[in-house]
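Structural features, examined
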Amino acid sequence: MNKRVIFVCSQKGGAGKTTFARGLLEALRYEGHTVAAYDADGPVGQLLQYEGLRDRKGRLIPRQDPQQGCGHFDIREADDRDLLLNALAGDPPVLLFDLPGGVVGELGKVLDEGDSPQGLFDEYRERGYAITIVVVMTPVKASVRTVQHSIESFGDAVDYLVVKNLAYGAPDAFINFDGCDQDGVHLPVSVGKRRLLDQGGLILDMPALDPRSYAWLDVDDLGFTEAIAAQPSPSRSGGRRLPVADQTRIKKWFLDFDRMLAPARHLLGFQPAQTAPVQAAPTTAKTAPAPTQTVPAPAQAAPARTVPASVQAAPTTAKTVPAPAKTAPVSVQAAPTTTKTAPAPVS
C-alpha cells in the first residue's frame, strides 16, 4: 500500500482550499480509505467545523480521533507545529493537512530554517510516505504566484497538483496562469504553470457549487454526504432537512467533484485495487445490507459520518467495470445507471 501525505495550500485566503480538502476527505472515506485529517488553522478552522465529530447536542468534541473526525492545531505556533511529525505515530495510510492561507513557509520551521521543509519531507519519505502539494487558486495573480512559490520552496521530490476553483470563473478566466492570445492581446504562460508541467504536475478544474446551496451547508455545518442523506443527522441539523433542490445540487456537485479527481487519484491516496462499497445494479439492491453497513469501519465510528443512501451510486472513476456484481469499482460514472433506482434524498 502506498502511503501519502497531502498538503492543501494557497498563499491567499478564500481560494477554496477547505472546499477541496472537504471533498477529498469525504470521497476517500466514502470509499473506505483511512485518512487522518488535520485542520492547521486551530479550533477556528473550516475543515474542523464541517468534518469534526460532534456530541449529541451538536457541539464539537475538543479532542477527537483524526482518523474518524478531524484533528486541529495552529501551524503558526511553534509547539503546535510538532504535530506535523507527531501525526506519523499512528502510521495512517493517508495524512491530510488543510493549511490556512499564507503559511506555506511555516512547514520549513519544524526541522529546518527557512521556507524549504526538506528535513520534514525527508522524514516522511523515510517512513514510506510520498508527498503531494495541492495548490488551490483563483484567477488573480497573487493566487497564481503560489504555484511558483511552492515549487521553489518544496523542490522536485514531491508531487504537485493545481486546482482551479471555478467558483471564481470559467477555466479560460485563469489568464494569469494559462496566458492568453486573443484579439491582438498576448499574455505569456506563467512561470508557475511552466514549472508545474516540467515537474509532471497536474491541473484540475474544481466545479462551482451554487452559493445558496453552499450556504445551506454552513447553516448546520454539514458535510456534503450528510447534506444529501435521506435521514438528516440529529447532531448536526436537529432533524431539519435541506430543500430538495439544494440537496440535488449538492449531490450533483459531489459527483462532479469526484469525477474531477480521476486523473489525480494516484496522487491523492486512493488505492487502485480497492473497490467502492456500493451496489452495482438494481438486482442487488433487494439483498444489499443497510447503507450504514456498506461503509468500512473508519466511516462508521461517528453517526455524523454515516454515508447516505442517496450518494451510494457515486464516487469515482472506474478503470474497468465488471459485469453486474455485488460491488462496483470506484466510479462516479456509474451514477447515471443508478439514479433511476436510487431513493429520493428526502421523503
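The structure reproduced in this document is the subject of the present report.

Here is what the cut-offs are and how they apply
- Residues numbered from 1 in each chain as written.
- Predicted model: local features only at pLDDT ≥ 70, side-chain atom pairs only at ≥ 80, totals over all residues.
- Heavy atoms only, no water.
- Pairing = 2+ DSSP bridges.
- Helix = DSSP H or I, 4+ residues; strand = E, 2+ residues; numbered from the N terminus.
- Buried < 20%, exposed > 50% of the residue type's maximum accessible area, 1.4 Å probe, protein only.
- Contact = heavy atoms within 4.5 Å.
- Phe/Tyr/Trp six-rings, centres within 6.5 Å; stacked < 30°, edge-to-face > 60°.
- Core = buried A, V, L, I, M, F, W, Y, C linked by side-chain atoms within 4.5 Å.
- Patch = residues over 30% accessible without salt bridge, like charges linked within 9 Å, V, L, I, M, F, W, Y side chains within 5 Å.
- Areas by Shrake-Rupley, 256 points an atom, 1.4 Å probe, with all protein chains shown as cover.
- Salt bridge = Lys/Arg side-chain N within 4 Å of Asp/Glu carboxyl O.
- Lys, Arg positive; Asp, Glu negative; His and termini not counted.
- Charge placed at Lys NZ, Arg CZ, Asp CG, Glu CD.
- Axes fitted to C-alpha atoms, helices over the stretch in contact; angles between N-to-C directions.
- Parallel < 35°, antiparallel > 145°, perpendicular 65-115°, else oblique.
- Nonpolar A, V, L, I, M, F, W, Y, C, P; charged D, E, K, R; others polar.
- Right-handed = clockwise from strand over helix to strand, strands pointing away.
- Polar contact = N/O pair within 3.5 Å; in protein donor to acceptor, adjacent residues only side chain to side chain.

1. Here's the deal with the sheet that holds strand β1 (residues 3-9)
Strand order across the open sheet formed by 7 strands is β3-β2-β4-β1-β5-β6-β9, with parallel pairing between neighbours. On the outer flanks of this sheet lie β3 (71-72) and β9 (202-206), each paired with one strand and no other. In this sheet, strand β4 (residues 94-98) lies alongside β1 in parallel orientation, the contact comprising 5 bridges. Among the inter-strand pairings, V8 is bridged to a residue of β4, identified as D98.

2. Considering the pairing of β1
For β1, the buried fraction is high: 7 of the 7 residues fall into the buried class. What you see with β1 is no split at all: K3, V5, F7 and C9 on one side and R4, I6 and V8 on the other are buried throughout. The pairing of β1 with strand β5 (residues 129-137) spans 7 bridges and is parallel. Residue pairing across strands places I6 opposite T132, the latter belonging to β5.

3. Some details on the environment of A40
Looking at the element boundaries, A40 is found in the loop between β2 (35-39) and α2 (46-51). For A40, a relative accessible area of 0% gives the class buried. For A40 and L83, which are 43 residues apart along the polypeptide, the C-alpha to C-alpha distance reads 9.5 Å. If we skip the residues at most four places from it in the chain, A40 touches F73, D74, I75, D98, L99 and P100.

4. Focus: the packing of aromatic side chains
Counted by the stated rule, this structure contains 12 aromatic pairs. Here the aromatic rings of F73 and F97 are separated by 6.1 Å at their centres, their planes lie at 90 degrees, and the arrangement is edge-to-face. Residue F73 is located in the loop between β3 and α3 (78-81), and its partner F97 is located in strand β4; the two are separated by 24 residues in the primary sequence. Each member of the pair, F73 as well as F97, carries the same accessibility label: buried. The interplanar angle of 50 degrees and the centroid separation of 5.5 Å between the aromatic rings of F121 and F154 together place this pair among those described as tilted. In this pair, F121 is assigned in helix α5 (residues 118-126) and F154 in helix α6 (residues 141-154), connecting sequence segments 33 residues apart. A residue is classified by how much of its surface remains accessible, and F154, at 1% relative accessible area, is buried.

5. Regarding the nonpolar core
Counting residues in hydrophobic clusters, the biggest one holds 37 residues, and the most contacted among them are F20, L24, V134, L261 and L268. No other element matches helix α1 (residues 17-30), which puts 6 residues into this core. Residues I75, L95, V135 and V147 belong to the second largest nonpolar core, which totals 36 residues.

6. A few points about a negative patch on the surface
A surface patch of negative charge is lined by E77, D79, D80 and D82. Checked against the element boundaries, D79 lands in helix α3. Accessibility expressed as a relative area gives 68% for D79, which makes it exposed.

7. Comments concerning the packing of helix α9 (residues 211-219) against helix α12 (residues 244-260)
Here α9 crosses α12 at 100 degrees, and the two axes come no closer than 9 Å. The orientation of α9 relative to α12 falls into the category roughly perpendicular. Two secondary-structure elements touch here, α9 through R212, S213, W216 and L217 and α12 through D246, R249 and I250. For the contact of α9 with α12, a count of residues per class yields 3 nonpolar, 1 polar and 3 charged.

8. A closer look at the pairing of β2
In terms of burial, β2 is largely enclosed, as 5 of its 5 residues are buried. Alternating residues of β2 divide into V35, A37 and D39 and A36 and Y38, and every residue in both groups is buried. Note: β2 against β4, 5 bridges, orientation parallel. Paired with A37 across the strands is L96, a residue of β4. Since β2 and β3 lie parallel, the crossover through α2 that links them has a hand, and here it is right-handed.

9. Things to note about α9
Between the side-chain oxygen of the N-cap and the backbone nitrogen of R212 there are 3.0 Å, and the N-cap of α9 in question is D210. Following α9 by one or two positions, D221 adopts a phi angle in the positive range, close to 55 degrees.

10. Here we look at the pattern of salt bridges
Two side chains of opposite charge can pair, provided their charged atoms sit close to one another. If you walk through the whole model with that rule in mind, you get 18 salt bridges. Residues E152 and R195 are paired through a salt bridge, measuring 2.7 Å at the closest nitrogen-oxygen approach. Taken together, the positions of E152 in helix α6 and R195 in helix α8 (residues 191-198) put the pair 43 residues apart, joining distant regions of the chain. Here E152 falls in the partly exposed class, since its relative accessible area comes to 46%. In this structure, K164 and D178 form a salt bridge, with 2.5 Å as the shortest nitrogen-oxygen distance. Here K164 is found in strand β6 (residues 159-165), whereas its partner D178 is found in helix α7 (residues 175-178), with 14 residues between them in sequence. Take K164: its relative accessible area is 6%, and that puts it in the buried class. Several salt bridges converge on common partners, so that one network encompasses D41, D74 and R76.

Remember that the coordinates give geometry; whether it matters functionally is a separate question.
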